[in-house]
Amino acid sequence: MLLAGGQGARLYALTNVVAKPAVSFGAKYRIIDFTLSNCYNSGIDTVGVLTQYQPLILNDYLGNGEPWDLDRSYGGLYTLPPYMAKVGGEWYKGTANAIYQNLQFLQRYNPEHVLILSGDHIYKMDYSKMLEAHIEKNADCTIATIDVPLEEASRFGILDYDKTMRIKAFDEKPAKPKSNHASMGIYIFKFEALERELLADEATKGSQNDFGKNIIPNMLKNGSVLQAYNFEGYWRDVGTIKSLWQSNMDLLGKSPAFTLGNGSDTGDKIYGRNGALAPTFFGADAKVANSITTCCEIYGTVVNSILSEGVIVAKGAIVKDSIIMKGATIGEGAKVEYSIVDENANIGANCSIGIGGDSDNLVLIARHTSLPKGSLVKPGDIIEKSGGQANDN
């Protein structure tokens, strides 16, 4: 069960008309590709994607699930929006309520175990290994954890566990964290335990219907067996402009922090609905260094940047330390630094965007925005466009 209905408010203009999991990443992917590819690489063949906020582009992108081998007659990929039942109906109120509203879907398959995931994290993980540990310990619930810097721990659910990985305490986003063992928002439940806890939570007046705030603490109180599963690979929650930018930048360099795994190791590959893309065209004066470009036209200079399909960098333009998304145009003589330029935006000739900025002062240009020639956008500015059309694929 893949939770993909969040608004992603901290991504500002990037999620005005797009659900966070559908935001572009790494030149030819979307954020949700990582979780879905993990499912494929882990041998999972039945996935329910729970959508809610701005689902149009996300639903179009998911289609029948073919890129992740989920186009099946039994099982496969299902999109699960909130719906009106005969008696009542409401938006998903929290992560636990979202799963509760889809208990009928789960009961249809009557699984022994249910894997619950978030669709807005960048990582590669074999869930089958976590499942093996879950079964071996006979756990009611297993939570994937990763150690984070202590100064960042207050952003996460924080666990305390013993030498056997048995969870002894859980604190959701504590002001003063007692450890740096952070929940990744990845859970495996025995289905019977999950069903029991969701029904009890729904009947509890005043519950926030959230796994971290309600379900997990309540299971600890009632003596359920909760186990931690430590993950040591690359993982990033791309819920902010800076973290999204940094995770893209982590793809660059001679020794990148992680790769998209598109070589011979198919078990490590990220899949997406991007088809066969033509190579980038480089003009006579083009200069490109330490960058990823996919099916672009480059006539200017690109340094330490990520450029998606259909991007045009005109003659004399300079792009540095930036992410330029699908279909965007950088006009002649324009200079762009430390910026995220969303899909189909147009930066006019001789514009100056984010010059002198850094990773703490990123510029964000919303999709379908057109900046007149000679425009000046200072570091840290966010240029939003109202009324953008959600018609991208």
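Residues numbered from 1 in each chain as written. Predicted model: local features only at pLDDT ≥ 70, side-chain atom pairs only at ≥ 80, totals over all residues. Heavy atoms only, no water.

J.: Explain the packing of helix H6 (residues 191–202) against helix H7 (residues 211–221) here, please?
T.: Each packed pair of helices is defined by two parameters, the angle between the axes and the distance between the axes. Between H6 and H7, whose axes approach to 11 Å, the crossing angle comes to 115°. Here the hand of the crossing between H6 and H7 comes out right-handed. Between H6 and H7, the contacting residues are Leu194, Glu197, Leu198 and Asp201 on the first element and Phe211, Asn214, Ile215, Asn218 and Met219 on the second. Along the lines of polarity and charge, the residues of the contact of H6 with H7 split into five nonpolar, two polar and two charged. (Axes fitted to C-alpha atoms, helices over the stretch in contact; angles between N-to-C directions. Helix = DSSP H or I, 4+ residues; strand = E, 2+ residues; numbered from the N terminus. Left-handed = near helix turned anticlockwise from the far one by under 90°. Contact = heavy atoms within 4.5 Å. Nonpolar A, V, L, I, M, F, W, Y, C, P; charged D, E, K, R; others polar.)

J.: Would you take a moment to explain the pairing of strand S4 (residues 46–50) for this structure?
T.: Taken residue by residue, a regular strand's side chains alternate between the two faces of the sheet. The buried fraction of S4 is high, at four of five residues. Sheet topology note: the S4/strand S5 (residues 76–79) ladder contains four bridges and is parallel. Its bridge partner being in S5, Thr46 is matched across the sheet by Gly76. (Buried < 20%, exposed > 50% of the residue type's maximum accessible area, 1.4 Å probe, protein only. Pairing = 2+ DSSP bridges.)

J.: Where do I start with the layout of surface pockets in this structure?
T.: Once rolled over the atoms, a probe with the size of a water molecule shows which space is left empty. Estimates place the volume of the largest pocket at around 1,100 Å³. Thr95, Ser118, Asp120, Lys173 and Asp210 are, among the 38 residues lining the largest pocket, the residues nearest its centre. Of all elements in the fold, only helix H3 (95–100), strand S11 (181–190), H7 and strand S13 (235–237) reach the threshold of two or more residues within the lining of the largest pocket. Grouping the amino acids of the lining of the largest pocket by side-chain chemistry returns 12 nonpolar, 16 polar and 10 charged. Lining of the second largest pocket is provided by 22 residues; of these, Ile44, Thr46, His113, Val114 and Leu115 occupy positions nearest its centre. Counting residues per element, the ones that place at least two in the lining of the second largest pocket are S4, helix H4 (103–109), strand S6 (113–118) and helix H5 (127–136). Among the elements that make up the lining of the second largest pocket, the one with the highest residue count is S6 (four residues). Its residues placed into classes, the lining of the second largest pocket shows 14 nonpolar, six polar and two charged. (1 Å grid on protein atoms, 1.4 Å probe; cavity = no way out; pocket = protein on both sides within 12 Å on 5 of 7 lines; lining within 4 Å. Points joined across faces, edges and corners; volume = space filled by probe spheres on them.)

J.: Where do I start with the packing of aromatic side chains in this structure?
T.: Each aromatic ring pair is characterised by the separation of its centres together with the angle its planes make. The tally for this structure, following the rule as stated, stands at 18 aromatic pairs. Both rings, one in Tyr40 and one in Tyr271, keep their centres 4.8 Å apart while their planes meet at 70°; by these two values the pair is edge-to-face. Linking Tyr40 in helix H1 (residues 32–41) with Tyr271 in the loop between helix H8 (241–249) and strand S14 (281–282), this pair joins segments that are 231 residues apart in sequence. The class of Tyr271 is buried, set by a relative accessible area of 15%. Among the aromatic residues, those joined into a cluster by ring pairs are Phe25, Phe34, Tyr234 and Phe258. (Phe/Tyr/Trp six-rings, centres within 6.5 Å; stacked < 30°, edge-to-face > 60°.)

J.: Which parts of the structure should I look at to understand the sheet that holds strand S24 (residues 335–337)?
T.: Strands pair in a sheet through their backbones, by hydrogen bonds, and they do so in one of two ways: parallel or antiparallel. Ordered by their spatial adjacency, six strands build an open sheet running S15-S18-S21-S24-S27-S30, and the pairing between neighbours is parallel. Bordering the open sheet on either side are strand S15 (287–289) and strand S30 (376–377), each of which pairs with just one other strand. Bridge analysis of S15 against strand S18 (residues 301–303) gives three bridges, and the strand direction is parallel. Note on S18: the bridge partner recorded for Ala289 is Val303.

J.: Could you clarify how one ought to interpret the nonpolar core in this entry?
T.: Side chains of a nonpolar character, in soluble globular proteins, are inclined to be buried together. Counting 38 residues, the largest nonpolar core has Ile32, Leu36, Met125, Met184 and Ile186 as its most contacted members. When contributions to this core are tallied by element, the ones reaching two or more residues are H1, S4, helix H2 (56–62), S6, H5, strand S8 (141–147) and S11. Sequence-distant contacts of Met184, that is, excluding residues within four places in its chain, are made with His121, Tyr123, Met125, Ala144, Thr145, Ile146, Phe231 and Trp235. Residues Leu50, Ala96, Ile116 and Ile143 belong to the second largest nonpolar core, which totals 31 residues. (Core = buried A, V, L, I, M, F, W, Y, C linked by side-chain atoms within 4.5 Å.)

J.: How do you make sense of the sheet that holds strand S20 (residues 312–313) when you look at a structure like this?
T.: As summarised here, the arrangement of the six strands in space is S14-S17-S20-S23-S26-S29, forming an open sheet in which the pairing is parallel. Each end of this open sheet is capped by a strand with a single partner; those strands are S14 and strand S29 (370–371).

J.: What should I look at first to understand the pairing of strand S10 (residues 167–172) in this one?
T.: Sheet topology note: the strand S9 (residues 157–161)/S10 ladder contains five bridges and is antiparallel. Paired with Asp160 across the two strands is Ala169, which belongs to S10. Count of turn residues in the S9/S10 antiparallel hairpin: five residues, of which Met165 carries a positive phi of about 70°.

J.: Please explain the side chain of Ser243 as it appears in this structure.
T.: With respect to the helices and strands, Ser243 occurs in helix H8. Using a relative accessible area of 10% as the deciding quantity, one classes Ser243 as buried. Of the polar contacts made by the side chain of Ser243, one reaches the backbone nitrogen of Gly239; its length is 3.4 Å. The residues contacting Ser243, other than those within four sequence positions of it, are Arg236, Asp237 and Val238. (Polar contact = N/O pair within 3.5 Å; in protein donor to acceptor, adjacent residues only side chain to side chain.)

J.: Any chance you could explain the pattern of salt bridges here in plain terms?
T.: Pairing between side chains of opposite charge can happen when their charged atoms approach one another. For the structure on display, the rule yields 12 salt bridges. Close ionic contact of Asp342 with Arg367 constitutes a salt bridge, the shortest N to O distance being 3.5 Å. With Asp342 in the loop between strand S25 (339–341) and strand S26 (346–347) and Arg367 in the loop between strand S28 (363–365) and S29, this pair connects stretches of sequence that are 25 residues apart. Each member of the pair, Asp342 as well as Arg367, carries the same accessibility label: buried. Three or more residues joined by partner-sharing salt bridges are found here, namely Arg30, Asp342, Glu343 and Arg367. (Salt bridge = Lys/Arg side-chain N within 4 Å of Asp/Glu carboxyl O.)

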